[in-house]
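# Summary of the model geometry
In case you want the letters, here they are:
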Amino acid sequence: MDYSLISKRKCWVAFIYVAIVLNACNGFYLPGSYMRTYSTNEEIYAKVNSLTSIETELPFSYYSLPYCKPLKGIKKSAENLGELLMGDQIDNSPYRFRMNANESIFLCTTQPLSEHEVKLLKQRTRDLYQVNMILDNLPAMRYAQQNGVKIQWTGFPVGYTPPNSNEDYIINHLKFTVKVHEYEGTGVEIIGTGEEGMGVMSEAEKKKASGYEIVGFEVVPCSVKYNPEEMAKLHMYDSVGSVSCPMQLDQSQIIREQERVSFTYQVEFVKSDIRWPSRWDAYLRMEGARVHWFSILNSLMVIFFLAGIVFVIFLRTVRRDLTRYEELDKEAQAQMNEELSGWKLVVGDVFREPNHPKLLCVMIGDGIQITGMAVVTIVFAALGFMSPASRGMLLTGMIILYLFLGTGAGYVGVRLWRTIKGTTEGWRSVSWSIACFFPGIVFIILTALNFILWGSKSTGAIPISLYFILLSLWFCVSVPLTLLGGLLGTRAVPIEYPVRTNQIPREIPARKYPSWLLVLGAGTLPFGTLFIELFFILSSIWLGRFYYVFGFLLVVLLLLVVVCAEVSVVLTYMHLCVEDWQWWWKAFYASGSVALYVFLYSINYLVFDLQSLSGPVSAILYLGYSLIMAIAIMLSTGTIGFLMSFYFVHYLFSSVKID
């Protein structure tokens, strides 16, 4: 039997099958959840997420306030790992919509407000807490005028405090505008990556799908004073008269003890030309594109400047010395060896074992893991796979990638250990340390922050069950893979040093300035490529804005890698030229010191851009998360710089013929 013929036939069958599938698909839409269409008068229920505030950064459950509850009770939605870690708590709500039915609806009237409820409502109002409502996976959007500029926000406030007033008013009436697009089941194939699953729509499904798709969800909040006796006679979902938002405070619902608050809403369906694949465009509208381009051009200038220095080092200095050296005969070389100067003097010490070699190997291993996670995540996000419609998907993806990249971390860390020590002895200890070092730091910081969140009764606190899930994932996935990577590292071909190391270490000449000053100064160059994008990232995390310019972020990441490599090589060469052979840690911190500037910039952002952040609890949370980010950046950038410097030193001294 001709197996090659069968194999070819299988390939042709697979090729034809793929061609048929691709031909059947007119187009794909990756970001977002699976499309859902609704028929006229079909009921749709909104969901509610945690209450959030840019002042405290402490999320709380929606039903921690005296809001109307669903008739069939509160039910939590299934949440992924990222949503739980971000403090999301998505519950069902009593807000019911009927497709294309414009109506004004009564929800409920509360019992007289107690002292505790009034205190809580006032506190949430003055802390600028927002209600985050979701309809068909779209967050409610609100438009507001600020200094003559139209600003969009997601969510609406719990209440408001008028200027020059000590009274607070609750938002108890909502005007919803639901934008719908009529879908006739033709033209586009939809593939979803969101919470409703993933799949491609067939022809039969398209016919069933004919109906209306939700492409916009806007809200106008207001406070209305109702007569509680009259409203108490109504039942949930009874119709009420259309309400116009009052401008006078005496017609608004004040937050006061023994007050009974009635909640109502009205909904208007508006036909829109926006198609379902474009419905997130309003949320992801990119601001400050010129600033992003300026950031990239600024980075390119730094790269070209450093590239020029590296070019001079390699082509003019190093190459010239090596060429001149190789042209001499043996007798002249022997004489020149006695007159060596600069980096050639440390040829017998340049590969001497560094201080704390195990810690260096552990940090390089963890840096490989973090860098790989960042690169793969940003590439997938730039291609559109990490949709904001899939809440928590970005964080979930990062955690899963980190776990599975343990193999690479163990391999690189143990191979470096074997190179430094010349033996595989102790590789298990190195592998275990790689598996525990960075996760251990994160675990300690998160546990300390979690006690603060538990004390505040915030939904941002990580549940005990999630702690066990994370520990299980780490112990059952990351640790075995790191040990496997370490085992592979012991079996890999060892890296041979091009020169022998002397038995007695050479004395390092005294310098006019400390070397750590140069190392710290080197971190300013990578920070220059990063800081503008860092501002947008911090704004998205702490000011509740969507960050979706991952294309720019990918370019900045690539530029950062190049700058870190160049900075570390230049600094390593400078140290070797002054006969300083202890370059290992300096190469790591030359690029890794950017983390110090990132943390200092985070403090600057807290002081000048997050002035609304109130209370020591919020500041501690902010600084704790910023510290985790800075440590991750240090390990990643330090690893990039060290590996490039190691390659540079190895290449440089492999060209020298000194016995």
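Bear in mind that the values here come from a model prediction, so they are computed numbers and not experimental data. (Residues numbered from 1 in each chain as written. Predicted model: local features only at pLDDT ≥ 70, side-chain atom pairs only at ≥ 80, totals over all residues. Heavy atoms only, no water.)

Residues Tyr513, Trp516, Leu517, Leu520, Leu596, Leu600, Ile603, Val607, Phe608 and Leu623 make up a contiguous nonpolar surface patch of about 920 Å² in total accessible area. Those elements that place two or more of their residues in the nonpolar patch are helix 13 (515-522) and helix 17 (594-608). Per-element accounting of the nonpolar patch gives the leading share, 5 residues, to helix 17. Turning to its location among the elements, Leu600 is positioned in helix 17. Taking relative accessible area as the criterion, Leu600 reaches 45% and is therefore assigned partly exposed. (Patch = residues over 30% accessible without salt bridge, like charges linked within 9 Å, V, L, I, M, F, W, Y side chains within 5 Å. Areas by Shrake-Rupley, 256 points an atom, 1.4 Å probe, with all protein chains shown as cover. Salt bridge = Lys/Arg side-chain N within 4 Å of Asp/Glu carboxyl O. Helix = DSSP H or I, 4+ residues; strand = E, 2+ residues; numbered from the N terminus. Buried < 20%, exposed > 50% of the residue type's maximum accessible area, 1.4 Å probe, protein only.)

Judged by nonpolar contacts, the single largest core of 134 residues is most densely connected at Tyr95, Phe97, Met133, Phe176, Phe642 and Phe653. Residue contributions to this core peak at 16 residues, all from helix 18 (residues 616-654). Once residues lying within four places of it in the same chain are set aside, the contact partners of Phe653 are Trp343, Val346, Val347, Val350, Phe351, Pro498, Val499 and Leu576. Judged by nonpolar contacts, the second largest core, of 8 residues, contains Ile399, Leu466, Tyr467 and Leu481. (Core = buried A, V, L, I, M, F, W, Y, C linked by side-chain atoms within 4.5 Å. Contact = heavy atoms within 4.5 Å.)

Attention now goes to the pairing of strand 13 (residues 211-222). The buried count for strand 13 comes to 11 of 12 residues, which makes it a mostly enclosed element. As paired strands, strand 12 (residues 173-183) and strand 13 are joined by 11 bridges and run antiparallel to one another. By the bridge assignment for strand 13, Phe176 is matched with Val219. (Pairing = 2+ DSSP bridges.)

So, about the pattern of salt bridges. Following the criterion strictly, the structure yields 14 salt bridges and no others. Residue Arg279 is joined to Asp136 by a salt bridge in which the shortest nitrogen-to-oxygen separation is 3.0 Å. Highlighted residues: Arg279 in the loop between strand 14 (262-271) and helix 6 (289-326) and Asp136 in the loop between strand 5 (133-135) and strand 6 (138-139), separated in sequence by 143 residues. Look at Arg279 and you get buried, because its relative accessible area is 3%. Within this structure, Lys122, Arg126 and Asp168 form a network of salt bridges that share partners.

Once that is clear, we can look at the sheet that holds strand 6. Whenever strands of a sheet pair, they do so through backbone hydrogen bonds, lying parallel or antiparallel. One open sheet holds the 4 strands; their spatial order is 2-1-5-6, and the pairing between them is antiparallel. For this open sheet the edge positions go to strand 2 (91-98) and strand 6, each flanked by a neighbour on one side alone.

What the rule picks out here adds up to 4 cavities of 30 Å³ or more. Counted as a void, the second largest cavity has a volume near 50 Å³. Every residue lining the second largest cavity is listed: Tyr62, Tyr67, Tyr95, Val131, Phe156, Ile171, Asn172, Leu174 and Phe263. Tallied by class, residues from the lining of the second largest cavity come to 8 nonpolar, 1 polar and no charged. (1 Å grid on protein atoms, 1.4 Å probe; cavity = no way out; pocket = protein on both sides within 12 Å on 5 of 7 lines; lining within 4 Å. Points joined across faces, edges and corners; volume = space filled by probe spheres on them. Nonpolar A, V, L, I, M, F, W, Y, C, P; charged D, E, K, R; others polar.)

Bringing helix 17 into the picture now. Between its first and last C-alpha atoms helix 17 spans 21 Å; for 15 residues at 1.5 Å apiece the expected length is 21 Å, and the two agree. On the buried face of helix 17, the contacting elements are helix 13, helix 14 (524-542), helix 16 (584-592) and helix 18. (Expected span 1.5 Å × (residues − 1).)

So, on to the side chain of Asp366. Residue position: Asp366 is located in helix 8 (residues 357-382). Lys358 is the oppositely charged side chain nearest to the buried, salt-bridge-free Asp366, at an N-O distance of 12 Å. Ignoring sequence-local partners within four residues, the contact set of Asp366 consists of Tyr402, Ile434, Phe437, Phe438 and Leu635. (Lys, Arg positive; Asp, Glu negative; His and termini not counted.)

We now examine unusual backbone geometry. Phi angles above zero are rare outside glycine, and Tyr237 is one such case at about 75 degrees. Mapped onto the secondary structure, Tyr237 falls in the loop between helix 5 (228-231) and strand 14. The phi torsion at Gln258 lies on the positive side, around 70 degrees, for a residue other than glycine. Gln258 gets classed as exposed once you look at its relative accessible area, which sits at 57%.

These figures come from the coordinates and say nothing about function on their own.
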